[in-house]
Amino acid sequence: MHSNNIIQVTAENFQQVILQGSEQKLVIVDFWADWCEPCKQLMPILEKLAAEYANQVILAKINCDEQQHLAAQFGIRSLPTVAFFKDGQAIDGFAGVESEAAIRNRITQHIPSIDDELFAQAQQAVVEQDYSQAFTLAKQALDLNPNNIDAKLIVADAACELGRIEHTKELLNQIKLADQNHYYQSIQAKLHLAEQAADSPELRELEQQLQQQPDNHQLRLEFAAKLFAAQRIEEALDNVFAVLIADLHFANAKQQALDMLNSLPNGDPLAAQYRRRLYSMLY
C-alpha cells in the first residue's frame, strides 16, 4: 500500500521530507531494516494509519541498512524505532511494536481535530469578510463540539453581519459572563448598530399602511423586501409566508420566498425551518 504521503527517505530528501515536511504535517519516521521481523509486523499498521490520516500525516521510511549514516545521526539503537516530528523537532516516539490503537492515540494527540480545522477556516473567512462561509464553517465546528465558545462567537458575529438579529441575540445570551471577552463585546456593539439601522422611517410608514390594509398582498411583499434589505430576515420571511398562506400563487411571492431562503448561509437553522414550511405548502 503506497500513497503519496508515504515516502522513502534518503540523505538527499531527508531535509525536505522530515524537517520542512513537519512544518505542514505530522511526520512519522519509521526506522526499519529487511532482516527485522518486528519491522514487518509494524509497517502495515503504520501504512494503514498513514492512508487514513493522509491529509495530516506523512510516513517517512528510513531503511537503516541503506541509510546507516541517517540511523547513526538519530542515534537509533534498536529496530523498529518510530519518531514523530512536528516543526522540525522530534516530539514523540517509541521503540518496538505498538498496537494500532496505541499509535492512533499518539497521532490524534499531535494533529488538529476536525472541529479545530473548521474553526481555523471560519476565522479566515471572517478575516476575508465572507460571513456566509464563516457562518457555515463555524456552525459545523460548533455542531462537532458544542462547548467551543470561540466557534459560537463566530457564528454570532456572522449571523449579525447576515442580518440574523434574533439568532445573534440567542447565541450571545448563551455566553456565560466569564466568556464575555472583547470579541463578545464587539458583536454586542455591532448588534446594537444593526438594530438601529433596521428601524427606518420608510419601514415604519409601510408598517402603518399595512395595518390599515392588512389584505394588500402587494404592499406586504414590498414591506417584506424592505425588511429583508434592512436585514430583518425573520420578519421578512414571516410577511412573505403570510401572503403565501393567503394565496399560494399570488404574484411572485413564491419566488421571493425562495430568493430569500437561497441567500441564507448553508447550515442556517432559519433556512431549514422555512424551507420545510414552503415544501409542505407546495407538496
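Throughout what follows, the structure given in this document is the object of discussion. (Residues numbered from 1 in each chain as written. Predicted model: local features only at pLDDT ≥ 70, side-chain atom pairs only at ≥ 80, totals over all residues. Heavy atoms only, no water.)

What follows deals with the layout of surface pockets. Unoccupied space between atoms shows up once a probe the size of one water molecule is rolled over them. In this model, the largest pocket occupies a volume close to 170 Å³. Sorting the residues of the lining of the largest pocket by element identifies α8 (165–173) and α12 (233–246) as the ones contributing at least two each. Split into classes, the residues belonging to the lining of the largest pocket amount to three nonpolar, two polar and seven charged. Mapping the lining of the largest pocket onto the domain boundaries places at least three of its residues in each of domain 2 (112–196) and domain 3 (199–280). (1 Å grid on protein atoms, 1.4 Å probe; cavity = no way out; pocket = protein on both sides within 12 Å on 5 of 7 lines; lining within 4 Å. Points joined across faces, edges and corners; volume = space filled by probe spheres on them. Helix = DSSP H or I, 4+ residues; strand = E, 2+ residues; numbered from the N terminus. Nonpolar A, V, L, I, M, F, W, Y, C, P; charged D, E, K, R; others polar. Domains from an automatic or database assignment.)

Moving on, we get to unusual backbone geometry. The peptide bond linking Leu79 to Pro80 adopts the cis configuration, its omega dihedral lying at -10°. Within the secondary structure, Pro80 is located in the loop between α3 (68–73) and β4 (81–86). Positive phi is not limited to glycine here, since Gln129 has a value of about 60°. Turning to its location among the elements, Gln129 is positioned in the loop between α5 (114–127) and α6 (131–144). Phi angles above zero are rare outside glycine, and Ala251 is one such case at about 40°. Position of Ala251 among the secondary structure elements: in the loop between α12 and α13 (253–263).

Burial analysis of strand β2 (residues 26–32) places seven of its seven residues in the buried class, the great majority of the element. Pairing between β2 and strand β3 (residues 57–63): seven bridges, direction parallel. Within the sheet, the bridge partner assigned to Phe31 lies in β3 and is Ile62. Handedness of the crossover joining β2 and β3 through helix α2 (residues 37–52): right-handed. The pairing of β2 with β4 spans five bridges and is antiparallel. Residue pairing in the sheet places Phe31 in a bridge with Thr81 of β4. (Buried < 20%, exposed > 50% of the residue type's maximum accessible area, 1.4 Å probe, protein only. Pairing = 2+ DSSP bridges. Right-handed = clockwise from strand over helix to strand, strands pointing away.)

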